[in-house]
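Secondary and tertiary structure notes
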Amino acid sequence: MAMTFKMATTGMWVTDECKTSFMEMKWKKVHRSIVFKIDKASRLVTVDKVGGPGEGYDELAASLPPDDCRYAVFDFDFVTTDNCKKSKIFFIAWSPSASRIREKMLYATSKEGLRRALEGIHYDMQATDPTEMGMDVIKDRAK
């Protein structure tokens, strides 16, 4: 399996599948969201779930586990006050309160490496519960 980027702080690797899926979401609009997880055994950041073009933000939020950390990217389409269609990509670091401390530390130290590998992210968010990453927060940041 070919590796794309090594994360300097934790020694984690980002798989080519992560970057390919992100580019498909960004340029081809094949995906609406992508959830990433760290496989501790192989020390790889891998794609956990891909949301289809018809899936919305609620499906992404529901797919995040209540007791384990994940990374997610979401392609948010909206119309500005000038009636222009825009799209912004959000990077969400999901670290729920119920997750283990070791997991939180691993995901926190690996976050920047994955974020650098995914070029074209507009906004960065950290969330520990669903209210911190609600649609109202997304809309407010995208203005």
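Attention in this report is confined to the structure presented alongside it.

So, how was this worked out
Residues numbered from 1 in each chain as written. Predicted model: local features only at pLDDT ≥ 70, side-chain atom pairs only at ≥ 80, totals over all residues. Heavy atoms only, no water. Helix = DSSP H or I, 4+ residues; strand = E, 2+ residues; numbered from the N terminus. Rg over C-alpha atoms; globule rule 2.2 N^0.38 Å. Buried < 20%, exposed > 50% of the residue type's maximum accessible area, 1.4 Å probe, protein only. Areas by Shrake-Rupley, 256 points an atom, 1.4 Å probe, with all protein chains shown as cover. Phe/Tyr/Trp six-rings, centres within 6.5 Å; stacked < 30°, edge-to-face > 60°. Salt bridge = Lys/Arg side-chain N within 4 Å of Asp/Glu carboxyl O. Polar contact = N/O pair within 3.5 Å; in protein donor to acceptor, adjacent residues only side chain to side chain. Contact = heavy atoms within 4.5 Å.

Quick word on the overall build of the protein chain
When helices and strands are counted, the protein chain shows 4 helices and 7 strands. Relative to its length of 143 residues, the protein chain is compact, with a C-alpha radius of gyration of 15 Å against a globular reference of 15 Å. For the protein chain, the spread of C-alpha atoms along the principal axes amounts to about 50 × 35 × 25 Å. Relative to its 143 residues, the protein chain shows a buried fraction of 43%. When the accessible surface of the protein chain is summed, it comes to about 7,600 Å², and 53% of that surface belongs to carbon and sulfur atoms.

With respect to the packing of aromatic side chains
In this structure the tally under the stated criterion is 7 aromatic pairs. The interplanar angle of 15 degrees and the centroid separation of 5.4 Å between the aromatic rings of Phe76 and Phe78 together place this pair among those described as stacked. Residue Phe76 is classed as buried on the basis of its relative accessible area of 7%. The class of Phe78 is buried, set by a relative accessible area of 15%. Put simply, the rings of Tyr57, Phe74, Phe76, Phe78, Phe90 and Tyr123 pair up and form one aromatic cluster.

With respect to the pattern of salt bridges
Oppositely charged side chains may form a pair once their charged atoms are brought near each other. If you walk through the whole model with that rule in mind, you get 8 salt bridges. The shortest N-O distance in the salt bridge between Asp77 and Arg32 comes to 2.6 Å. With Asp77 in strand β5 (residues 70-79) and Arg32 in the loop between α1 (16-28) and β3 (33-39), the pair connects residues that are 45 residues apart, well separated along the chain. The network of salt bridges with common partners includes Asp48, Asp68 and Arg70.

Here's the deal with the side chain of Ser99
Topologically, Ser99 is positioned in the loop between β6 (85-94) and α3 (101-117). The buried category is assigned to Ser99, whose relative accessible area is 6%. At a separation of 2.7 Å, a polar atom in the side chain of Ser99 contacts the main-chain carbonyl oxygen of Pro96. Sequence-distant contacts of Ser99, defined by excluding residues within four places in its chain, comprise Asp67, Asp68, Cys69 and Lys104.

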